[in-house]
Amino acid sequence: MGEKYHVEVGPTQPRFTPVAKLAAMEVEGCLGCLKCVKRDSCIYDVYRKKVFDAGQVVDTTDSMCISCMRCVQECKKNILSRAVNPQFEAMGDEYWRPDIIATLWKQAATGSIPVSGAGYRGPFAGPGFDQMWTDMSEIVRPTRDGIHGREYISTVIELGRRPERLFFDEAGDLAVDMPPMVELPTPMVLDLPPWGKIGPGTRRAVALAAKAGKTLAVATYDEAAGLLADLKANLIVRVDGVPADLGPLEGAAMAEMLYAPGVMDQVAQLKELRPDLVVAVRLPLDENAADRAAGVVLAGAEVLYLQAGDNGQGLGKASDTFITKLIREVHLRLVDEACRDQVTLLAGGGVALAEHVAKTILCGADGVGLDLVLNVAMECRLCHSCSEGFDCPVNLDTIDEEQGKKRLLNLVGAFHSQLIELMGAMGIREVRRLRGEMGRAMVFEDLEKMSFAPIFGERVTALEPAKAAPAPELAPGTYSSLPVEITEASSRYRNALTKYKAERLTTCVACGKCAEVCQFGVHVKAGEKMLAPRNRNCRGADYCRSIGSYCGDACPVEAIRVGQNPVWKTFGDPRWPADLLVATWIQAETGQPPQENLEYRKGASGGGFDRMDIVFPAEPPDASFGPDDVDLSLPLNRRDDDGRPPVEIGFPIYGGGMSFGSVSQATMESRARAYTALNSFTCTGEGGFPPVLEKYSDNVITQVATGLFGVREETIQRVRIVEFKYAQGAKPGLGGHLLGDKVTPAVAKMREAVVGNSLFSPFPFHSVYSVEDHKKHVDWIKHINPRALVSVKVSTPMDVDMVAVGSFYAGAHIVHLDGSYGGTGAAPDIAKKNIAMPIEYAIPMVHRFLSEEGIRDKITLIASGGVRTAWDVAKAIALGADGIVCGTADMVALECIRCANCESGRGCPRGIATTDSELQMAYDSDWGSQRVINLFNSWAIQLRDILWRLGLKSVRDLVGRSDLLTHLDYQKKA
Amino acid sequence: MTEAILASRRRASADAPPLSPHRTAEEGGCGVVGFAANVPVRGRHIFEPSVQMHNRGNGKGGGIAAACLDPTQLGVDSDTLKNDYILQVALLDPEAEKEVEEQCVSPYLDIHHKARVETQGDYRDFGLEVKPPDVVRYFVRAKQGALDAFAAEEGLSELSGRALEDEFIYRNTNRLNATFYTSLGEKRAFVLSHARNLVIMKVVGFAETVVQYYGMEDFNAQVWIAHQRYPTKGRVWHPGGSHPFIGLNEALVHNGDFANYYSVSEYLRQHGIATQFLTDTEVAVLLFDLWTRVYHYPLEYVIEAMAPTTELDFERLSAQRKPVYRAIQAMHMHGSPDGPWFFIIARSNPDQDLYQLLGITDTSMLRPQVFALQEGDVTIGLVGSEKQAIDATLLSLNQEDPRFRLVADRYWNARGGSSTDGGAFLFNVQGNGDGYKLSCTDKFGTPIEVDQGQWRFDPEEAAIAPDQAQNLEQALSAAPEGYEPYAVYEQAAEAMASWSFSQLRWFIAQVEKVAESGDQGTQWAIELLTLLNDRRYDTGDKKRSVVLQLLRTSIDGILHRTPAIAETKGTRYARIDWETRGDLRAPTGDEKVLVVYAHHFPPEGDECDARVEVEAYHLGWKRFIVYGLKGQRFQGCGLGPATEDVRLDIYGASGDYIASGMDGLELQIHDNGQDQLGQITKAGTLVIHGDVGQAFMYGAKGGEVFIMGNGAGRPLINAVGRPRVVINGTCLDFLAESFMAGDPYNGGGFVVLNGITFDKKGKVVALDNPYPGANLFSLASGGAIYVRDPHHKLVDQQLNGGAYYELTDQDWDLILPYLEANERHFGISIDDLLTVDGVKRAPREVYRKVGPGQKQMSPKEAIPE
């Protein structure tokens, strides 16, 4: 009990090369140029380290590729391409998606928790476990940093029956016999695999992993008698009634019986013979589960194992109900019967990721059974070949027991660490206190009701995305720019990534017919030659046929092929689809909204901003002013009680914090220059105030984050705004991560830390464990710099509204909400996806709460975390924000492709989020700042257009006008 | 019996609506304070510490509880006070009185006395925005018939008289609240308290306004607790959510916020307890009542169930306790509060004439807490969020009754969930027929002892020259030129043990005479008295706290007599205070030292004394003496870099955040320091002649820092660069977590932890364990800790990523200059430090080094390529 739980993890190579997500393709026409991209542009040397495994028919380039697309974009002849690997896409099913299988393999191979850069990349919400977010703590109570061992978070559970209370004698000793109880240091047991090609090695691997991980594995009676007899101390032996020979149960940790009417009689018989043996009852989570659970618990059951289907679905008639809800029903029923605390509940079925462990426990289980996920850890591809009588592609049954054990142990270790991350973010230091704690969970349905229903009316569609109607085009005409210089800043790369690709075969006779036909300038004839096709302009064969001018039809020698570019599917994600990335690049290049046929207003996440539209009036807009008259400026100091100077920004956006170390100096300076030109601010992030930024001090925000790196009185005193970073949306409840690879001598010097050692900022602020500490903290900064405004950057827990009000009373000028889908240089994947709520929910909650409190006009409300487009900006403001903080969009302007490799190794292959001596030279701040300026100029044009068409003369008039929004999944009540 | 109560409650609560996962009354933190004395103390004295902690509340909730009351003030006889329940009903709607009485009082309770608590005028005159409730106070016993019916209906006939009546009263209150509070949108009435010999009052406002509005300044009680609330839930229109909350015979105030409110509520629900006020404080006291009154758990085990003993501390429990604690944890972990919390509880047990004040901290010690004890003609135990609140209480008491003294005999912090003190302390006020005795124990029942000795002195009595007068007189008459203050200090310290208070007072009077001789004399006297205040020496049979009181009063007096800044005398000292702050100007003539009387300044904000000091610095002042502090914050902050020529000396009850941001200056605190000191310190010297509070030197980059006593929890977290720190005592836990202070041999930083304290004679003695915490140097990647640990008490289990190394000559050369400076600051000699069990040892036999381990923990190993 005193001992800290530690799982010994270590690299364990797979036996079979994992199925790669992307495959390389190369078309004819290689120049054979010596400066081949395969050598020079691949910064991770994937091509040079390439090995072809003829036995497995796999090319390691594919499995090592990090999908940065530099090779595709740099190839001189534009003949290199990558495409989605169909074998990858075919893995698993709708529930056990290929990306889940891939991340499990990685965890089983390394034992480490998945950490990556960029923000969350998946859909807004999803079915099953993805309908639930976990809460986090900030300001009003501290988080616990358990993952780095800064604080001990206990994951001990006890399996067994508990008496109602204890009795003590006069001396204070226990006066009751405690019933037998099995103590596990981790709330995970290893169940029997539900199916798969299972051999003795596979079974022994599981039991060995249970032993090494100090937990239990379920085994059959026969296994306990034979194959696993030496591992009985870590087995839950399944028996069918009371066996005639109790020998195999001798020394077993526990026994288990399947539920059947009268099972408790059988249990009682067994207990009579073996009073010290804890006997579990396995109960199917079907429509009768709650009734039966109550029955057996009142009859004295010690442990219940609640069994759901492989995909977390209920069994029997409850197959439409998900495991979370079913566990909840059982748990609440037992609470009502006042016997919940007497019994231990384990639950299994559909636990595929680490967050499912925490969520299952939050719903009411004490511990979790891992089942199918064990197969995956041992490299199973869930292809069901075995069920169909075919060979197993990874010979699961022949796995060496040691190899299997290590992979399983890695999985258990990684899951355990991730459970601690979630608990730490919640501020809970005992997993036994997490059980049933629904106060620290947020459910999609509730959030929609709480936050959206008052605005949008009644929800009419479930989570399944309906097709969105196209948003209106930008009103035609020319728009004036912001008062900044807009010049073209073209791509750093040779080949643009395009939706369509036109190729000319060698049979081309260069007649120029195609150039005559094409309306978009794809084909250009120069003298006697045809230039390489300008694919960026291409609208695709279907479209051109529909307007009757398709180059392919015009070619006399049929040398033109026009098709979907396979690359288009290899980058981008639901939050930032390829359309949006490319559209953003184009805006950064030209300073104008894209003319190409690309969706540049929203992503494809299926929720939040991506399901909202702005309702424009049917009547033409007010003619008394034009789009150019719309005022985008925003005052940031709205307090009238502390005599601090006003600060106004030229448009309602400023730059979010990115630390020196997480991004390159050129990136920092590019942003600082751009935001200065735009009369706005950028923020230092938490890595100190590099000298290169000093000349921009009037437009730089000094961030005071939990690591306090590089923060000195001087850096606090030289600026007009100081920002407390209490939390970051991408990793709410966790501190900053700067992995050792990126702690170069320059970074270490700025932070006064040690070269090459990872820097994990503590969490929370150790000087702020409560709201009165928070006030003191704000008072302190205000004392050090009496002219500065104070911004409080927080994430979006359930009580974010309280945090906002508390910050106002603490004296803050700006409350900055960073939603959970924000960007990051490095964060555990589990945090990016699961902790805290998306910004779309938080803005209206806080806006409403501040309004009701009567202080909305005294504080500036800034939102960030998933604001990707000018349209998102408008929607966020209409929901109730005054302004926006941007980060990821700036990175995309600098040609980030969101490959998410910011965090480790040499960092960003595109030279943005890197401190690598070579890579950080990829561009200079002239180019970089122009790209950022251009992007925001385009946004300003769009914002003015939106406001003008709404008849609003100032962006300040849009604040809280949620009546101007609709949600595609809602029906507004009349 | 227990089962019967539970069964009956479950039946009664069967129809309760489902729990909502979300609290309505969220709160982040607060200020809490309490004290218990062996004599009655008037309500006005809870006033001062409450005022002191305004900045821990926001005026949206305050409350007090008082126990062991004076029957005459309540209009009853002592038997009634002893036997009756004092039912106090808050009428939010004054019209509700009749209904409340008809439905919930008269039919069931015999009313022996009824009074409406008088108020002292219009609430707005007290700065209140919300009208406090009218309070009706009933002295009641359950009607026998009602009680019998209750026992029969609820199956509680086994319960003995008082236990049954307790449950009846408790349930009657539940019913009253359910009828007039919980079930209503517009709340009408609720029960403030119903204990015997204990009352609770609360308002929407600051705690002290309770005392004022309800006219409790002269109200006598022996146990007092108060609470300043900082609710973040918007507009508050009634005090239902204010603390204290009640169980039956206890009142609880809470600083913190549970992380698992819902599951604790669910635990209570299984035991038939429906929550009515939706705050975590309510569930805390309900848990406490369940485990004490219904389960009959001993207090130690209730505390264990609330704040479990874990990690290394669990291992260190006695063999007898381990199985008991293990069972308690297995049983009660689910229902116990997580997150930061600190409870102060007042309990009343009139049957045994026992009244208790209890302070419990959570296992992780996430909220600040200080305990204090003073013995003498009267004995008082105190507990609060800040030491300055304790000092304010003592000052307030002393002004009325000099038997209470200005300095407590002992101040200490609790180690939450620990094997050493259990993180909880209990002050017992035990009646013995003709008076009360106060004693203090920790969670385990171990008595807390204080420095014994004489405390009585008569300020009117003539001072007497001591035997050594000749030498001293010679020295004093030659002062200030003839003798260094240090030389006189040595003589005085030597002689002190033999002096009576009159002789000490003679000596002080002589020093004050020197002070009156001019600038140089003043400086000399302050230096001498400061040395006597700071250092440890044998005070003989006089209590050190009384010696300190005399010295400190004298220092304050001398500083008080320095010329006001407006006088422009051009002498060495110029004094500024709240009244004269507008007179601030640049130094003229020989003016060197700005003396700041901080007493009446607000603790923070544009008007605080620390801002005056920054402005003065910009006007050319470099030398500051700040005194008369009562929790004012931020001294030494905001002066900016390059302040090597600046020095501040701080006297009195200083506040949080001192020297946070310090970049060059020297700052000395001549008493204990509070929380969050030395954050982000870049350079300079900080000397603390006492203990220092939580999160000390968080994120520091440098500086040379010397602590005479202990650091509380979490010192030096995330410190980088080159901080060099000597802590002579120990720390509670989490020392130098994530320390990244480079290579100490090449300009990096380190901490020397001496693990010593002083005995009664002022001699250095080693602590039992130089560092009891479970976490040392966790996840640190740079720097080192040098621990004086000759008996190798530190174990591997305390490390996470660090490693122990043998001390090398290079290490000793590195730390020696700091130990020498330490000797200069505190008189702790290197010889004493190197002496183990009476024998002087080589440094490597005495000190151990903790440095980064070989392998750094990383959550993401490189993915194999």
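Residues numbered from 1 in each chain as written. Chains lettered and ligands numbered in written order. Predicted model: local features only at pLDDT ≥ 70, side-chain atom pairs only at ≥ 80, totals over all residues. Heavy atoms only, no water.

### Side note on the overall build of chain A
In terms of helices and strands, chain A carries 29 helices and 38 strands. Based on the C-alpha atoms only, the size of chain A along its principal axes is roughly 95 × 75 × 60 Å. Within the span of chain A, comprising 974 residues, buried residues form 67% of the whole. A sequence separation of at least 24 residues applies to 73% of the contacts in chain A between residues at least 6 apart. In the form shown here, chain A has an accessible surface area of approximately 31900 Å², with 51% of it arising from carbon and sulfur atoms. Separation of charge centres in chain A, based on 106 positive and 123 negative side chains, amounts to 5 Å. (Helix = DSSP H or I, 4+ residues; strand = E, 2+ residues; numbered from the N terminus. Buried < 20%, exposed > 50% of the residue type's maximum accessible area, 1.4 Å probe, protein only. Contact = heavy atoms within 4.5 Å. Areas by Shrake-Rupley, 256 points an atom, 1.4 Å probe, with all protein chains shown as cover. Lys, Arg positive; Asp, Glu negative; His and termini not counted. Charge placed at Lys NZ, Arg CZ, Asp CG, Glu CD.)

### Description of the overall build of chain B
Each helix and strand counted, chain B has 23 helices and 33 strands in total. Its C-alpha atoms give chain B a radius of gyration of 29 Å, within 12% of the compact-globule value 29 Å for 865 residues. With the C-alpha coordinates of chain B rotated into their principal frame, the extents come out at 85 × 75 × 50 Å. Burial statistics for chain B: of 865 residues in total, 67% are counted as buried. Taking the intrachain contacts of chain B between residues at least 6 apart in sequence as the baseline, contacts between residues at least 24 apart amount to 65%. Just so you have it, chain B exposes about 27400 Å², and 48% of that area is on carbon and sulfur atoms. (Rg over C-alpha atoms; globule rule 2.2 N^0.38 Å.)

### What about the sheet that holds strand S21 (residues 647-653) of chain B?
Residues and elements named next belong to chain B. Strand order across the open sheet formed by twelve strands is S18-S19-S20-S21-S22-S23-S24-S25-S26-S29-S33-S30, with mixed pairing between neighbours. This sheet does not close on itself; its edge strands, each paired only once, are strand S18 (573-577) and strand S30 (802-806). In this sheet, neighbouring strand axes are inclined to one another by 15° on average, regardless of whether the strands run parallel or antiparallel. (Pairing = 2+ DSSP bridges. Axes fitted to C-alpha atoms, helices over the stretch in contact; angles between N-to-C directions.)

### A closer look at the interface of chain A and chain B
If you look at the interface, chain A gives 114 residues, while chain B gives 119 residues. Here chain A meets chain B over a buried area of about 9700 Å², counting both sides, of which 54% is carbon and sulfur. It is Arg165(A), Arg433(A) and His783(A) that lose the most area in chain A upon contact with chain B, and together they represent 8% of the buried surface on that side. Applying the counting criterion to the chain A and chain B interface returns 14 salt bridges. Joining chain A to chain B, the criterion identifies 49 residue pairs in polar contact (both at pLDDT 80 or more). Considering every element that reaches the side of chain A that touches chain B, the biggest residue donor is helix H23 (residues 771-784) of chain A, with eleven residues. Here the side of chain A that touches chain B is composed, by residue class, of 46 nonpolar, 25 polar and 43 charged. (Buried area = accessible area lost by both parts, 1.4 Å probe. Salt bridge = Lys/Arg side-chain N within 4 Å of Asp/Glu carboxyl O. Polar contact = N/O pair within 3.5 Å; in protein donor to acceptor, adjacent residues only side chain to side chain. Nonpolar A, V, L, I, M, F, W, Y, C, P; charged D, E, K, R; others polar.)

### Digging into helix H2 (residues 44-52) of chain B
Taken together, the buried positions of H2(B) are occupied by His45(B), Ile46(B), Pro49(B), Ser50(B) and Gln52(B). All buried residues of H2(B) project into a common sector of 155° when viewed along the axis, lining one side. (Arc of directions from axis to C-beta.)

### Here's the deal with the pattern of salt bridges
One pass over the full model with this rule turns up 120 salt bridges over all chains. We note a salt bridge from Arg10(B) to Glu164(A), for which the minimum N-O separation is 2.9 Å. Taken together, the residues span two chains, with Arg10(B) in helix H1 (residues 2-13) and Glu164(A) in the loop between strand S7 (157-160) and strand S8 (181-184). On the basis of relative accessibility, which here comes to 22%, the residue Glu164(A) falls in the partly exposed class. For Lys499(A), the salt bridge identified is with Asp579(A), shortest N-O distance 3.1 Å. On the criterion of sequence distance, the pair formed by Lys499(A) in the loop between strand S18 (458-459) and strand S19 (500-504) and Asp579(A) in helix H19 (residues 578-590) is long-range, its members being 80 residues apart.

### Comments concerning the domain arrangement of chain A
It is common to report an interface's size as the accessible area lost on association of the parts. Domain assignment breaks chain A into domain 1 (22-90), domain 2 (137-160 + 179-441), domain 3 (500-564) and domain 4 (617-644 + 652-971). Averaged C-alpha coordinates put domain 2 of chain A and domain 3 of chain A at centres separated by 61 Å. (Domains from an automatic or database assignment.)

### Focus: the domain arrangement of chain B
Residues and elements named next belong to chain B. One can read the domain layout of chain B as domain 1 (29-242 + 339-442), domain 2 (469-557), domain 3 (562-651) and domain 4 (672-855). If you average the C-alpha positions of domain 2 and of domain 4, the two centres end up 32 Å apart. Taken together, the contact between domain 2 and domain 4 spans eight residues of the former and eleven residues of the latter. Here domain 2 and domain 4 share an interface that buries about 720 Å² over both sides, 42% of which is from carbon and sulfur atoms. Area buried by domain 2 at its contact with domain 4 is led by Asp534, Arg535 and Arg536, which between them contribute 68% of it. With a shortest N-O distance of 3.5 Å, Asp538 and Lys761 are connected by a salt bridge. Joining domain 2 to domain 4, the criterion identifies five residue pairs in polar contact (both at pLDDT 80 or more). In terms of residue class, the side of domain 2 that touches domain 4 is built from one nonpolar, two polar and five charged.

### Section: the environment of Ser738(B)
All names here are of chain B. Within the secondary structure, Ser738 sits in the loop between strand S25 (724-727) and strand S26 (750-753). A residue is classified by how much of its surface remains accessible, and Ser738, at 2% relative accessible area, is buried. Each C-alpha atom of the pair Ser738 and Leu776 lies 9.8 Å from the other, and the pair is 38 residues apart in sequence.

### Details of the packing of aromatic side chains
Scanning all chains against the criterion turns up 57 aromatic pairs over all chains. Look at Phe124(A) and Trp133(A): their rings are 6.3 Å apart centre to centre, the planes differ by 75°, and that puts the pair in the edge-to-face class. Between the aromatic rings of Phe750(B) and Tyr786(B), the centroid separation amounts to 5.7 Å while the plane-to-plane angle is 80°, which identifies the pairing as edge-to-face. With Phe750(B) in strand S26 and Tyr786(B) in strand S29 (residues 784-788), this residue pair connects regions lying 36 residues apart in the sequence. Accessibility classification places Phe750(B) together with Tyr786(B) in one group, the buried group. Counting every residue linked through ring pairs, the aromatic cluster contains Tyr120(A), Phe124(A), Trp133(A), Phe452(A), Phe456(A), Tyr821(A), Tyr841(A) and Tyr970(A). One cation-aromatic arrangement involves Lys187(B) over Tyr181(B); the distance from NZ or CZ to the ring centre is 5.0 Å. Across from the ring centre of Phe734(B), 4.1 Å away, lies the NZ or CZ of Arg714(B), which sits over that ring. (Phe/Tyr/Trp six-rings, centres within 6.5 Å; stacked < 30°, edge-to-face > 60°. Lys NZ or Arg CZ within 6 Å of the ring centre and 35° of its normal.)

### So, the side chain of Gln668(B)
Residues and elements named next belong to chain B. Relative to the assigned elements, Gln668 resides in strand S22 (residues 663-669). By relative accessible area, which is 6% here, Gln668 ends up buried. Side-chain polar atoms of Gln668 contact the side chain of Glu666, separated by 3.0 Å. Of note is the side chain of Gln668, whose polar atom sits 2.8 Å from the side chain of His689.

### Some remarks on the side chain of Glu386(B)
Position of Glu386(B) relative to the elements: it lies in the loop between strand S14 (380-384) and helix H14 (387-400). A distance of 2.4 Å separates polar atoms of two side chains, one belonging to Glu386(B) and the other to Gln388(B).

### Here we look at the pairing of S14(B)
Residue and element names in this part refer to chain B. With five of five residues buried, S14 is to be regarded as a mostly interior element. In S14, alternate side chains face the same way, and those of Ile380, Leu382 and Gly384 on one face and Gly381 and Val383 on the other are all buried. With five bridges joining them, strand S13 (residues 370-374) and S14 adopt antiparallel strand pairing. Bridge pairing in S14 places Phe371 opposite Val383.

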